[in-house]
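Fold and contact review
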Amino acid sequence: MIDASRYGPWAVIAGASEGIGEHAARQLAAAGCSVVLVSRRPEVLDALRTSILADDAAPGAEVRCVALDLATDDAADRLCAEVADLDVGLLFYNAGADVRGQVFLDRDADEVLGMVRCNVVTATALCHALGRRMRDRGRGGVVVMSSGAAIAGAALIATYSATKAYQQILCEALWAELDGTGVDVVCVLAGTTATPAFLRTAVLTADDPSVMDPAVVAANALAALGHGPAVGASDELTQMFAGLYTVPRTMLIEGVSAGTRANFGLDG
Ligand SMILES: NC(=O)c1ccc[n+]([C@@H]2O[C@H](COP(=O)([O-])OP(=O)(O)OC[C@H]3O[C@@H](n4cnc5c(N)ncnc54)[C@H](OP(=O)(O)O)[C@@H]3O)[C@@H](O)[C@H]2O)c1
């Protein structure tokens with residue numbers, strides 16, 4: 001269980017209403033951290049707040065909701081204003097999947113740039129603003145949920161794989177820079193996970209043996225704090241991803257692109 005005296009008293013979960021973020025919030029509250037739940041649907045956040053307080057929260061743990069689209073230009077500023085009065089010890093940046101494959105040039109430019117804003121711009125701005133506050137107080141943690149898609153560019157998820165690679169490289173650099181400051185940084189590369197967003201696509205089902213439980217991914221991600229810079233969401237995935245780095249680049253890109261085409265049942 002996560003150490004609330006090290007990563008509390010408040011944790012900000014960006015992308016908290018369901019799936020990995022929801023489970024991270026429940027697990028953090030059970031460990032005694034107060035949590036800020038951030039995502040777009042206010043009614044879902046309010047229901048989750050009630051559920052966490054009733055079912056999970058350790059005595060004294062509080063829950064605050066912030067309904068916000070992380071893909072907007074001012075998202076980081078707005079979120080920082082909402083948590084300005086809180087002693088934030090953990091950022092868990094979870095939002096930002098692309099569960100719908102489509103050729104880059106056939107997507108709307110705003111969709112593509114929205115993914116860049118969510119996965120790159122807002123994630124970076126929050127690491128910067130909240131990371132500074134953690135460094136000043138001498139302790140804290142940053143967890144960024146990335147993906148195996150970070151390892152190579154893949155057809156049909158071009159912007160997604162590029163932004164997930166950015167997240168990994170950013171975390172690796174911050175891990176190096178913050179060594180010795182008391183702030184732990186880790187990027188967690190998830191494989192296929194039975195989140196509601198993923199299940200809504202019906203590409204795979206939750207009982208497929210390759211699909212992970214989001215509660216397990218959340219627990220492994222929190223347990224990875226202090227073991228950065230980047231890990232898979234399970235030991236098996238860490239090993240598998242390490243093996244992929246040894247594959248010649250062109251062969252790797254062709255292989256992962258064949259995988260996304262097969263997954264989505266699409267050409268491109
Ligand atoms: N599921 C997988 O198979 C898989 C595989 C590899 C990596 N991952 C990584 O795991 C993370 C979570 O993925 P997921 O499958 O749960 O899907 P997701 O679409 O990223 O949703 C996760 C949470 O983020 C919120 N969210 C999404 N976009 C948002 C936005 N623009 N602004 C604010 N909140 C937003 C969602 O709530 P609202 O809709 O209420 O806003 C939800 O609570 C992602 O970073 C993804 O790259 C997932």
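Structural notes, computed from the coordinates.

What about the overall build of the protein?
- Across its full length, the protein holds 10 helices and 7 strands.
- What you see for the protein is a C-alpha radius of gyration of 18 Å, in line with the 18 Å of a compact globule of 268 residues.
- Projected onto the principal axes, the alpha-carbon positions of the protein cover approximately 50 × 40 × 35 Å.
- Going through the 268 residues of the protein one by one, you find that 49% of them count as buried.
- For the protein, the accessible surface area stands at approximately 12000 Å², while carbon and sulfur atoms represent 56% of it.
- Side chains of the protein carry 19 positive and 32 negative charges; the gap between the two charge centres is 4 Å.

Observations regarding the sheet that holds strand β7 (residues 230-232)
- Taken in spatial order, the 7 strands line up as β3-β2-β1-β4-β5-β6-β7 in an open sheet, and their pairing is parallel. Each end of this open sheet is capped by a strand with a single partner; those strands are β3 (63-67) and β7. Going across the sheet, the axis of each strand differs from the next one's by a mean of 15 degrees, ignoring polarity.
- The sheet contact formed by strand β2 (residues 34-39) and β3 spans 5 bridges and is parallel. Across the sheet, leucine 37 pairs through a bridge with cysteine 65, a residue of β3.

Concerning the site of the ligand
- Around the ligand, the surrounding shell holds 28 residues, and the nearest of these are Ser17, Arg41, Asn94, Tyr160 and Thr195.
- Glutamate 18 has a polar backbone atom sitting 3.2 Å from an oxygen atom of the ligand.
- Residue tyrosine 160 places a side-chain N or O atom 2.6 Å away from an oxygen atom belonging to the ligand.
- Of all the secondary-structure elements, those providing two or more residues to the shell around the ligand are β5 (140-147), α6 (158-177) and α7 (196-199).
- No other element matches the 3 residues that β5 contributes to the shell around the ligand.
- Along the lines of polarity and charge, the residues of the shell around the ligand split into 12 nonpolar, 11 polar and 5 charged.

With respect to the environment of serine 39
- By the element assignment, serine 39 lies in strand β2.
- For serine 39, a relative accessible area of 9% puts it in the buried group.
- Residues serine 39 and alanine 67 lie 28 residues apart in sequence; the distance between their C-alpha atoms is 5.3 Å.
- Every residue in contact with serine 39, bar those within four places of it in the chain, is listed here: Gly15, Ala16, Ser17, Leu45, Val66, Ala67 and Leu68.
- Here the side chain of serine 39 touches serine 17 through a polar contact of 3.4 Å, side chain to side chain.

Overview of the pairing of strand β6 (residues 183-190)
- Counting buried positions along β6 yields 8 of 8 residues, so the element is predominantly enclosed.
- Side chains of β6 alternate between two faces, with Val183, Val185, Cys187 and Leu189 and Asp184, Val186, Val188 and Ala190 buried alike.
- Two strands pair when backbone bridges link them, and β5 and β6 are joined in this way by 8 bridges, in the parallel orientation. Across the sheet, residue serine 146 finds its bridge partner in β6, namely leucine 189.
- Once you follow β5 into α6 and on to β6, the crossover reads as right-handed.
- In the sheet, β6 pairs with β7 via 3 bridges, with the strands oriented parallel. Bridge pairing in β7 links valine 188 to valine 231.

What to know about the layout of surface pockets
- Its boundaries defined by the atoms lining it, the second largest pocket holds a volume of some 260 Å³.
- As for the second largest pocket, its lining consists of 13 residues, of which Cys127, His128, Leu174, Glu177 and Leu178 are closest to the centre.
- Put simply, the parts of the chain that give the lining of the second largest pocket at least two residues each are α5 (109-137), α6 and β6.
- Here the lining of the second largest pocket takes 6 residues from α5, the largest share from any one element.
- Its residues assigned to classes, the lining of the second largest pocket comprises 7 nonpolar, 3 polar and 3 charged.

Rules used throughout
- Residues numbered from 1 in each chain as written.
- Predicted model: local features only at pLDDT ≥ 70, side-chain atom pairs only at ≥ 80, totals over all residues.
- Heavy atoms only, no water.
- Helix = DSSP H or I, 4+ residues; strand = E, 2+ residues; numbered from the N terminus.
- Rg over C-alpha atoms; globule rule 2.2 N^0.38 Å.
- Buried < 20%, exposed > 50% of the residue type's maximum accessible area, 1.4 Å probe, protein only.
- Areas by Shrake-Rupley, 256 points an atom, 1.4 Å probe, with all protein chains shown as cover.
- Lys, Arg positive; Asp, Glu negative; His and termini not counted.
- Charge placed at Lys NZ, Arg CZ, Asp CG, Glu CD.
- Pairing = 2+ DSSP bridges.
- Axes fitted to C-alpha atoms, helices over the stretch in contact; angles between N-to-C directions.
- Near = heavy atom within 4 Å.
- Polar contact = N/O pair within 3.5 Å; in protein donor to acceptor, adjacent residues only side chain to side chain.
- Nonpolar A, V, L, I, M, F, W, Y, C, P; charged D, E, K, R; others polar.
- Contact = heavy atoms within 4.5 Å.
- Right-handed = clockwise from strand over helix to strand, strands pointing away.
- 1 Å grid on protein atoms, 1.4 Å probe; cavity = no way out; pocket = protein on both sides within 12 Å on 5 of 7 lines; lining within 4 Å.
- Points joined across faces, edges and corners; volume = space filled by probe spheres on them.

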